[in-house]
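Next come the chains, spelled out residue by residue.
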Amino acid sequence: MDTETESSRPDRRSAPSEVPGEGGSLARAKPTGASHRMSLQRRRDTEPEMLLRRELHRRGLRYRVDAKLPGIPRRRADVLFPNRRVAVFVDGCFWHACPLHATNPQTNGAWWQSKLQTNVARDRDTDIRLQEQGWTVLRFWEHEDMVLAADVVEETVRL
């Protein structure tokens, strides 16, 4: 018979620690500092992206969200019109090195410079590969007016 009461048992739902857990694996510690801040960055459903999508929906346009790109593994479009072959991207100023608002982090600067240059090169590669497949690629910066961006998208899709 188990003599432990509910209140005396250790809470197995508590925060993970760096000790071996069941199955011999190490439990993960909660991220701290920069790691924690980076984990909070959204990959999709950012405010500018949501503004654009709401405006497109209000205009009666229907689309796919965070959709895989055909023939290009591990890459996704923010908004995709597969039947019209139009891919829309809302690029963040930091992550995609906006010419007006790009910043260069001071800590670990060389690594960040390489990372951001790789992001931009990947964007250009994605554009070229989609265009070679007959797609129209539309890119907007997060600081742009999303109503005006919706005008461009609607004009392109309704051609």
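Above this text is the structure in question.
Calculation notes
- Residues numbered from 1 in each chain as written.
- Predicted model: local features only at pLDDT ≥ 70, side-chain atom pairs only at ≥ 80, totals over all residues.
- Heavy atoms only, no water.
- Helix = DSSP H or I, 4+ residues; strand = E, 2+ residues; numbered from the N terminus.
- Expected span 1.5 Å × (residues − 1).
- Buried < 20%, exposed > 50% of the residue type's maximum accessible area, 1.4 Å probe, protein only.
- Arc of directions from axis to C-beta.
- Contact = heavy atoms within 4.5 Å.
- Polar contact = N/O pair within 3.5 Å; in protein donor to acceptor, adjacent residues only side chain to side chain.
- Axes fitted to C-alpha atoms, helices over the stretch in contact; angles between N-to-C directions.
- Parallel < 35°, antiparallel > 145°, perpendicular 65-115°, else oblique.
- Left-handed = near helix turned anticlockwise from the far one by under 90°.

Asks: Any chance you could explain helix α4 (residues 146-157) here in plain terms?
Replies: Residue pairs three or four apart in sequence face the same way in an α-helix, which turns once every 3.6 residues. Over its 12 residues, α4 runs 16 Å from end to end, which matches the ideal 16 Å to within 8%, given 1.5 Å per residue. Within the sequence span of α4, burial applies to Met146, Ala149, Ala150, Val153, Thr156 and Val157. Mapping the buried residues of α4 onto a view down its axis gives an arc of 125°, with all of them on the same face. Summarising the geometry of α4, the exposed residues directed more than 90 degrees from the buried face are Leu148 and Glu155. Against α2 (47-58), β2 (76-81), β3 (86-91) and β4 (136-141) lie the buried residues of α4. Regarding α4, its N-cap is Asp145, as a side-chain oxygen of that residue lies 2.9 Å from the backbone nitrogen of Val147 further along.

Asks: Can you walk me through the packing of α2 against α4 in this structure?
Replies: Helix packing geometry: the angle between the two helix axes and the distance between the axes. Viewed as axis vectors pointing N to C, α2 and α4 meet at an angle of 50°, and their least axial separation amounts to 9 Å. Classified by the angle their axes make, α2 and α4 are oblique. Note that α2 runs across α4; the crossing there is right-handed. Residues Pro48, Leu51, Leu52, Glu55 and Leu56 of α2 lie in contact with α4, whose contacting residues are Met146, Val147, Ala149, Ala150 and Val153.

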